[in-house]
Amino acid sequence: MPTSSASTTDSAKSSSGGVQSLERAFGLLERMADAGGEVGLSELSASSGLPLPTIHRLMRTLVACGYVRQQSNRRYALGPRLIRLGESSARLLGTWARPYLARLVEETGETANMALLDGDEIVYVAQVPSKHSMRMFTEVGRRVLPHSTGVGKALLAAFPDAEVRALLARTGMPAATDRTITTPEGFLAALAEVRTAGYAVDDNEQEIGVRCLAVPVPDSPTAAAISISGPAGRVTESATGKIVPVLQQVAAELSEVLSNPGGTTV
């Protein structure tokens, strides 16, 4: 007697009440992203614990939908249809973050930003400007290299030194100002300070006269950081002690929103 397909196929319900095949497919996409965007079936099987026939079936569906491409070497790569999803998601991420950034502006008086690590670059996805007449503007959508920014330091502090060195080798370390860190050793030392202090500082390294304080958003689905930036005359060492706890508190609250599948409001 044939068994019920509801209990034997990938369309079966998962333990969380969702559709198991969807959970597995999205899990494979995330594993591909973690591996740099291109993997082989055996690698996916080893990392996921799923049998090869199941992975092959899921990948075949993802390829047919355009979310994965099969390369000439028979390895699989993330597909171009994911770009539109990612861009739309990034815009929504900025929308969700704006109320929290507005709180940062109210409590610190300085311009607040949110940035993501996209490949080897930092991209700013949200901003709320300061009410001061003299304020710092970071255009949403702007891309910069991480070594010269506070948000870049805050994000890369979570990475192993070997991965940071590899990233810096790919991007180079051009000087934005005469204060920019331009050696891997100097940057790794700065990341060690970030890990100890719990926050990052851009001290005239991206733009002369501007200081930035940044913290990562813990447990964010994608590597994210928030920051405040302002004139060095206002974002002083003494102001840092007051601003950093506010940054950390807002980052923790924003983390709860981003990690909650049901969403919430401020």
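The structure we're discussing is the one just above.
The model shown is predicted, which means the values in this text are computed figures rather than measured ones.

Where do I start with the overall build of the chain in this structure?
The number of helices and strands found in the chain is 9 helices and 9 strands. A fraction of 55% describes how many contacts in the chain between residues 6 or more apart in sequence connect residues 24 or more apart. For the chain, the accessible surface area stands at approximately 14,000 Å², while carbon and sulfur atoms represent 54% of it.

Sorry, what's going on with the sheet that holds strand β1 (residues 38-39) here?
The strands making up a sheet associate through backbone hydrogen bonding, with each pair oriented either parallel or antiparallel. Here we have 3 strands laid out as an open sheet, ordered β1-β3-β2, and antiparallel in their pairing. A strand with exactly one partner marks an edge of an open sheet, and here the two such strands are β1 and β2 (68-70). Sheet topology note: the β1/strand β3 (residues 76-78) ladder contains 2 bridges and is antiparallel. From the neighbouring strand, Glu38 faces β3, where its bridge partner is Ala77. Along the sheet face, helix α2 (residues 20-34) touches β1, β2 and β3 and points at about 90 degrees away from the line of β3.

Please explain unusual backbone geometry as it appears in this structure.
Excluding glycine, most residues fall at negative phi; most peptide bonds, likewise, are trans. Even without glycine at this site, Asn204 takes up a positive phi of about 65 degrees. Residue classification places Asn204 among the buried positions, given a relative accessible area of 10%.

What's the story with a nonpolar patch on the surface in this structure? I'm lost.
A grouping of Val19, Leu22 and Phe26 is seen on the molecular surface, where their side chains present a nonpolar patch of about 280 Å² in accessible area. Position of Phe26 among the secondary structure elements: in helix α2. When its relative accessible area of 52% is taken as the criterion, Phe26 is described as exposed.

What counts and how
- Residues numbered from 1 in each chain as written.
- Predicted model: local features only at pLDDT ≥ 70, side-chain atom pairs only at ≥ 80, totals over all residues.
- Heavy atoms only, no water.
- Helix = DSSP H or I, 4+ residues; strand = E, 2+ residues; numbered from the N terminus.
- Contact = heavy atoms within 4.5 Å.
- Areas by Shrake-Rupley, 256 points an atom, 1.4 Å probe, with all protein chains shown as cover.
- Pairing = 2+ DSSP bridges.
- Axes fitted to C-alpha atoms, helices over the stretch in contact; angles between N-to-C directions.
- Buried < 20%, exposed > 50% of the residue type's maximum accessible area, 1.4 Å probe, protein only.
- Patch = residues over 30% accessible without salt bridge, like charges linked within 9 Å, V, L, I, M, F, W, Y side chains within 5 Å.
- Salt bridge = Lys/Arg side-chain N within 4 Å of Asp/Glu carboxyl O.

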